[in-house]
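This is what each chain is made of:
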Amino acid sequence: MKPTPTSPPLNPLLAFGAHPDDIEFGCGGVIARESRAGRPAHFVVCSRGEAGSYGTPKQRVAEAKKAAALLGATMEFIELDGDSHLEIRAVHAIKLAEIIRRLRPQIVLTPSVVENQHPDHARLGRLVRDAARLARYGGLNELRGQKSHAIEQLFFYAVTPEAEPRDITPLLLDVSAPEIVTAWTESMQAHGSQTSARNYIELQLTRARLFGARAGVEYAIRLFPSEPLVFDSLAQISRSARRF
Ligand SMILES: [Zn+2]
């Protein structure tokens, strides 16, 4: 999708995924919504899904590239420990911090740190949370060549219902606009190798319908702020999920 021409330029969004389809399934509607509003979005995918039951790494890379383009995002693959081998290591957090310094995003999205069906998800969440801090630290030797960078917000997304943090009040993003739902759905369909076993697309859309229904809109995606959000004024807060 192209950004609408009248939108002012927005600060970039950076989303991390452990596997080629995590971002699309976990928060693809958010990406579609933001890129349509004119916010540049970039994906960093930390494996080629080589340990998955379905699809070859080559297929999965092609699927991920197509899906990112459908959401209006650019993307890159990086090597950490490989699919299903991800470990929490300082060297990884520093590598991710280097990417944050290079791309200088305002908003970073990453899988939640809650243990769920795939161990890589929560581990990547922790690594990205650490990386966001390291990107700001001026004295880190490995990153001396790059100007430090402080992001504004870190949000966790939940690839599956099990990954939703229970101790963080979520923010609900309304993604009901038909063109947003279409772009999100098509980005999930692009991962054809992953959707043959179970209808994961319907699972994600049903989750979004449930959250939307609870908030009085058609579709909503939950994001979980890593830290409390700060507002200059109560006027900046649009509405809450409950109609009091
Ligand atoms: Zn995954």
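Our structure's up above, just so we're on the same page.
Reading guide: rules and limits
- Residues numbered from 1 in each chain as written.
- Predicted model: local features only at pLDDT ≥ 70, side-chain atom pairs only at ≥ 80, totals over all residues.
- Heavy atoms only, no water.
- Axes fitted to C-alpha atoms, helices over the stretch in contact; angles between N-to-C directions.
- Helix = DSSP H or I, 4+ residues; strand = E, 2+ residues; numbered from the N terminus.
- Parallel < 35°, antiparallel > 145°, perpendicular 65-115°, else oblique.
- Left-handed = near helix turned anticlockwise from the far one by under 90°.
- Contact = heavy atoms within 4.5 Å.
- Nonpolar A, V, L, I, M, F, W, Y, C, P; charged D, E, K, R; others polar.
- Donors = N, O, S within 2.8 Å, 3.2 Å for Na, K, Ca; no water.
- Buried < 20%, exposed > 50% of the residue type's maximum accessible area, 1.4 Å probe, protein only.
- Polar contact = N/O pair within 3.5 Å; in protein donor to acceptor, adjacent residues only side chain to side chain.
- Pairing = 2+ DSSP bridges.
- Core = buried A, V, L, I, M, F, W, Y, C linked by side-chain atoms within 4.5 Å.

(A) Representation of the packing of helix α3 (residues 90-103) against helix α4 (residues 119-134) in the model. Contact geometry of α3 with α4 gives a least axis separation of 8 Å together with a crossing angle of 60 degrees. What the angle tells us is that α3 and α4 run oblique. The handedness of the crossing between α3 and α4 comes out as right-handed. Residues H92, A93, I94, L96, A97, I100 and R101 of α3 form the contact with α4, whose participating residues are L124, L127, V128, D130, A131, A132 and L134. In terms of residue class, the contact of α3 with α4 is built from 11 nonpolar, 1 polar and 2 charged.

(B) The arrangement of the coordination of the zinc ion in detail. Surrounding the zinc ion are the protein donor atoms H19 (ND1), D22 (OD) and H121 (NE2), at 2.1 to 2.2 Å. Mapped onto the polypeptide sequence, the residues donating to the zinc ion form the spacing pattern H-x2-D-x98-H. Residue classification places H19 among the buried positions, given a relative accessible area of 5%. The buried category is assigned to D22, whose relative accessible area is 2%.

(C) Spatial organisation of the side chain of D120. On the secondary structure map, D120 appears in helix α4. Looking at D120, its side chain comes within polar contact range of the main-chain nitrogen of S84, at 2.6 Å. Ignoring sequence-local partners within four residues, the contact set of D120 consists of A18, H19, G82, D83, S84, H85 and L86.

(D) A look at the sheet that holds strand β7 (residues 220-225). One open sheet accounts for 7 strands, arranged β3-β2-β1-β4-β5-β7-β6; its pairing is mixed. Of all the strands in the sheet, just β3 (73-77) and β6 (171-174) have a single pairing partner and so form its edges. Shown here is a sheet whose adjacent strand axes are inclined to one another by a mean of 30 degrees, direction ignored. As paired strands, strand β1 (residues 13-17) and strand β2 (residues 41-45) are joined by 5 bridges and run parallel to one another. Paired with F16 across the two strands is V44, which belongs to β2. Contacts from helix α1 (residues 22-36) reach β1, β2, β3, β4 (107-111), β5 (153-157), β6 and β7 within the one sheet, and its direction differs from that of β1 by about 170 degrees. Against the sheet, α4 touches β1, β4 and β5, its axis set at about 150 degrees to β4.

(E) Molecular detail of the nonpolar core. Counting 35 residues, the largest nonpolar core has C27, I31, F43 and L109 as its most contacted members. When residues in this core are grouped by element, the largest group, 6 residues, is from α1. When near neighbours in sequence (up to four residues on either side) are disregarded, F43 contacts A15, I23, E24, I31, A68, L71, A73, T74, M75 and E76.

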